[in-house]
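Given next are the chains, with one letter for each unit.
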Amino acid sequence: MTQNAERLGQRALVLGGSLAGLLAARAVAPHFDEVILVDRAAFEGGPAPRMSAPQTFHLHVLLKGGEQAMEALAPGFLARLEASGSVPLDPGHDFFSASELGVAKPFETPMRVHGQSRWLLEHCLRAQVLEGTSNLTFRTGETVRGLLYNAERGAVEGVRLEGSEGREDALTGDLVVDASGRGEGAIRWLKALGLEEPPVETVKVSFGYASTVVRLRPDAARSWKAVVVGNLPRDGARGGVLMPIEDGRHICSLGGRAGDYPPDDEAGFLAFAKALPNPELYEALAGAQFEAPISKLIYPANRLRHYEAMAERPRGFVPVGDALCSFNPTYGQGMSSAALQAKALSEALGGAGPLQDRLEAYLARAAEVVRLPWRQANYNDFLYPTTEGDRSMFTPEEMTYRTQVQMAALRDDRVREWSAAVQHLLMPFERLLEPEVRERVAAALAA
C-alpha cells in the first residue's frame, strides 16, 4: 500500500484484466492491503493478442486526455510504450485525411498521439502497473458467475467464480470493481439477486468494422504515416483508417453501418477500401502484405448505465470502463474514458469519510467524466440517418452549432485547437459555447 494513503479495507477485487481493470487496480491499491484482479484468460509473458477480447485485433486510438490519465495512474507508462516501439504521430502533418470534400491541408499542432497495437499497449500498461503495485495479484482462468451479497448489510462482499474445469469458488472482498466490459455482466448479476438495475440509455448505431495488420510496400514518395478516408455522414457511408504500429507494420480498420459492413476476406476487404471517396488508402493496401487474418466485429449500440441514479445501490460495488459506458469505437473514446474514470476513482478514494461515501462520490464524478464522450459520440452518430435513439438529447441549435465548429476548425487554427481539446477529452464542450469561441466560429464561417 502506498505510504500515507488511508487504509479502507483488507481486500479489493477487480473483475477484468484489460485496460480498465489494470487502471482500476492502480486506483484502489493504495487503500487496501491486497488487490486481486480476476480474468477468465491468462496473460502472455510478452505482447500478444488476447483471444478473450474481440476488440484486441482492431485499431485503437488513445486520446490525449486518456493518455495523461494513464500516465498519472502508472507513471512511466508512456516512456515504456515508446521504448517498446510505439510510433509518435503529429495529427496535423502525419495524417493523410480525405473525404468527398477533398484532401485536408496539413497544419501545425504541438499535440502528439501514438500508434501501436492494442496488445502492445496493454502489455506495457500491465508491466508498468505490476512493477509499481506490490500488493496486486492476478487470478486467471476463472469466470465470474455472480456476486456474493449480504442482504442485511445491502452490500456486495465478493464474487462466485468458476474455473476451467467447472470448479466453483468464492472470493471475498471489501470492494468489488466491475471492469468486465460491455457484456452486461453486472446487469445479470444484479438481476439474479433480485436487486435494482441501473437505468440504461441506449443509442443503436449498428456499426460494423473489420481490421487486419499489414506491411506496406516501401514508397519513397509517401509523405504520410497514417491515412483516414471516409464518406460524409449519409446512408451507405463508409470509412477506413490506416495507422502505424510497432515493428514497421500498420493496422487497417474499415467500417460501415446498418448492414453495409466490410468483408473478412482479402479480396472483399480491398474492394470495400476501393469504394472509399479517395484512393490513397486502397492503393496502400493493394501493394501491402497482409500479415494477420481479417477480424470482423459488429458494434450494436452505445450504452450508458446510470449507476449514480439508482435509488438503492449495493454497497461496495462500482463499475469502470465499458461496464459503465460504452461508445462507438469509431471515435477512439473507450480507452481514454476508462482511464479518466479510473483517475476519478483514485481521487474519490483519496477523499474523506467511510468507504461507501467515497464510492458514492466516485459514481457522481464518473457520471460527469463520461458525459463529454457520451455526448460527443452520440452527436456524431446522430448525423447518420440509420442511428436509432433519443435525438432530443440535442437541441437543433446545438446540433447546428457543433457542425459549425467543425467547419470553422478547417479555417481557423485557434478554433481547431479548441475543437481538438474537446475531442481529446482535455476540456469540456461548454468551453466552445463561450462568447470568444462563438465570435471566432462566426468570423471563420463568414470569411
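Above: the structure in question.
A short tour of the structure in this document, coming up. (Residues numbered from 1 in each chain as written. Predicted model: local features only at pLDDT ≥ 70, side-chain atom pairs only at ≥ 80, totals over all residues. Heavy atoms only, no water.)

**With respect to the sheet that holds strand 9 (residues 155–163)**
At step 1: Reading across from one edge, 8-9-10 is the order of the three strands in this open sheet, with antiparallel pairing throughout. Bordering the open sheet on either side are strand 8 (142–150) and strand 10 (168–172), each of which pairs with just one other strand. Taken pair by pair, the neighbouring strands of this sheet meet at an average axis angle of 30 degrees, ignoring direction.
At step 2: Direction of pairing for strand 8 relative to strand 9: antiparallel, over a ladder of eight bridges. Paired with tyrosine 149 across the bridge in strand 9 is valine 156. (Pairing = 2+ DSSP bridges. Helix = DSSP H or I, 4+ residues; strand = E, 2+ residues; numbered from the N terminus. Axes fitted to C-alpha atoms, helices over the stretch in contact; angles between N-to-C directions.)

**Observations concerning the side chain of arginine 375**
At step 1: Considering the arrangement of structural elements, one finds arginine 375 in helix 9 (residues 355–382).
At step 2: For arginine 375, the contacting residues outside a window of four places in its chain are Met393, Phe394, Glu398 and Arg402. (Contact = heavy atoms within 4.5 Å.)

**Focus: the nonpolar core**
At step 1: Val14, Val28, Phe77, Val159, Tyr307, Tyr362 and Leu432 are the most contacted members of the largest nonpolar core, which has 106 residues in total.
At step 2: The element contributing the most residues to this core is helix 9, with 11 residues.
At step 3: Setting aside residues no more than four positions away along its own chain, valine 159 makes contact with Leu13, Leu15, Val144, Gly146, Leu147, Leu148, Asp169, Ala170, Leu171 and Val176.
At step 4: One finds Val227, Val229, Phe272 and Ala288 within the second-largest nonpolar core, a separate group that totals 22 residues. (Core = buried A, V, L, I, M, F, W, Y, C linked by side-chain atoms within 4.5 Å. Buried < 20%, exposed > 50% of the residue type's maximum accessible area, 1.4 Å probe, protein only.)

**Topic: the packing of aromatic side chains**
At step 1: Scanning all chains against the criterion turns up five aromatic pairs.
At step 2: Look at tyrosine 379 and phenylalanine 394: their rings are 6.5 Å apart centre to centre, the planes differ by 75 degrees, and that puts the pair in the edge-to-face class. Note that tyrosine 379 is positioned in helix 9 and phenylalanine 394 in the loop between helix 9 and helix 10 (396–409), a separation of 15 residues in sequence. Per residue, the accessibility class of tyrosine 379 equals that of phenylalanine 394, and both read buried.
At step 3: Between phenylalanine 382 and phenylalanine 394, the aromatic rings sit 6.2 Å apart at their centres with planes inclined by 80 degrees, giving edge-to-face as the arrangement. On the criterion of sequence distance, the pair formed by phenylalanine 382 in helix 9 and phenylalanine 394 in the loop between helix 9 and helix 10 is long-range, its members being 12 residues apart.
At step 4: Through a chain of ring-to-ring contacts, three or more aromatic side chains come together here, namely Tyr379, Phe382 and Phe394.
At step 5: Taking NZ or CZ as reference, arginine 416 lies 3.9 Å from the ring centre of phenylalanine 107, over its face. (Phe/Tyr/Trp six-rings, centres within 6.5 Å; stacked < 30°, edge-to-face > 60°. Lys NZ or Arg CZ within 6 Å of the ring centre and 35° of its normal.)

**Observations regarding helix 11 (residues 413–423)**
At step 1: Within helix 11, burial applies to Val415, Arg416, Trp418, Ser419, Ala421 and Val422.
At step 2: Residues of helix 11 that are buried make contact with helix 9, helix 10 and helix 12 (435–446).
At step 3: In this structure aspartate 412 caps helix 11, since a side-chain oxygen of it lies 2.8 Å from the backbone nitrogen of arginine 414.
At step 4: Looking at the residues trailing helix 11, positive phi occurs at leucine 425, about 60 degrees. (Polar contact = N/O pair within 3.5 Å; in protein donor to acceptor, adjacent residues only side chain to side chain.)

**So, the packing of helix 10 against helix 12**
At step 1: Close contact between helix 10 and helix 12 brings their axes to 9 Å; oriented N to C, the two are set at 65 degrees. Crossing hand, helix 10 versus helix 12: left-handed. For the pair helix 10 and helix 12, contact is made by Tyr401, Gln404, Val405, Met407 and Ala408 and by Val437, Arg438, Val441, Ala444 and Leu445, respectively.
At step 2: Of the residues that constitute the contact of helix 10 with helix 12, the class distribution is eight nonpolar, one polar and one charged. (Left-handed = near helix turned anticlockwise from the far one by under 90°. Nonpolar A, V, L, I, M, F, W, Y, C, P; charged D, E, K, R; others polar.)

**Focus: the pattern of salt bridges**
Here the idea is simple: oppositely charged side chains can pair when their charged atoms come close.
At step 1: One pass over the full model with this rule turns up 32 salt bridges.
At step 2: With a shortest N-O distance of 2.7 Å, glutamate 122 and arginine 118 are connected by a salt bridge. One end of the pair is glutamate 122 and the other is arginine 118, both in helix 4 (residues 118–132) and four residues apart, which spans about a single turn.
At step 3: Among the residues examined, arginine 118 registers a relative accessible area of 13% and is labelled buried.
At step 4: Connected through salt bridges with shared partners, the residues Arg139, Glu142, Arg167 and Asp169 form a single ionic network. (Salt bridge = Lys/Arg side-chain N within 4 Å of Asp/Glu carboxyl O.)

**Quick look at the pairing of strand 17 (residues 295–305)**
At step 1: Bridging between strand 12 (residues 200–215) and strand 17 involves 10 bridges; their strand directions are antiparallel. From the neighbouring strand, glutamate 201 faces strand 17, where its bridge partner is leucine 304.
At step 2: As paired strands, strand 17 and strand 19 (residues 325–326) are joined by two bridges and run antiparallel to one another. Across the sheet, residue arginine 303 finds its bridge partner in strand 19, namely serine 326.

**Here's the deal with the sheet that holds strand 11 (residues 175–178)**
At step 1: One open sheet accounts for five strands, arranged 7-2-1-11-18; its pairing is parallel. A strand with exactly one partner marks an edge of an open sheet, and here the two such strands are strand 7 (136–140) and strand 18 (317–319). Strand-to-strand twist across the sheet, computed as the mean angle between neighbouring axes with direction ignored, equals 20 degrees.
At step 2: The sheet contact formed by strand 1 (residues 9–15) and strand 2 (residues 32–39) spans six bridges and is parallel. Of the residues in strand 2, the one forming a bridge with leucine 15 is valine 38.
At step 3: Most of the contacts of helix 9 go to strand 18, to which it runs at about 20 degrees, and overall it touches strand 2, strand 11 and strand 18.

**A closer look at the pairing of strand 11**
At step 1: Across the two faces of strand 11 the burial is the same, with Leu175 and Val177 and Val176 and Asp178 all buried.
At step 2: When strand 1 meets strand 11, the two strands line up parallel, connected through four bridges. The residue of strand 11 that forms the bridge with leucine 15 is aspartate 178.
At step 3: In this sheet, strand 18 lies alongside strand 11 in parallel orientation, the contact comprising three bridges. Opposite aspartate 178, over in strand 18, you have proline 319 as the bridge partner.

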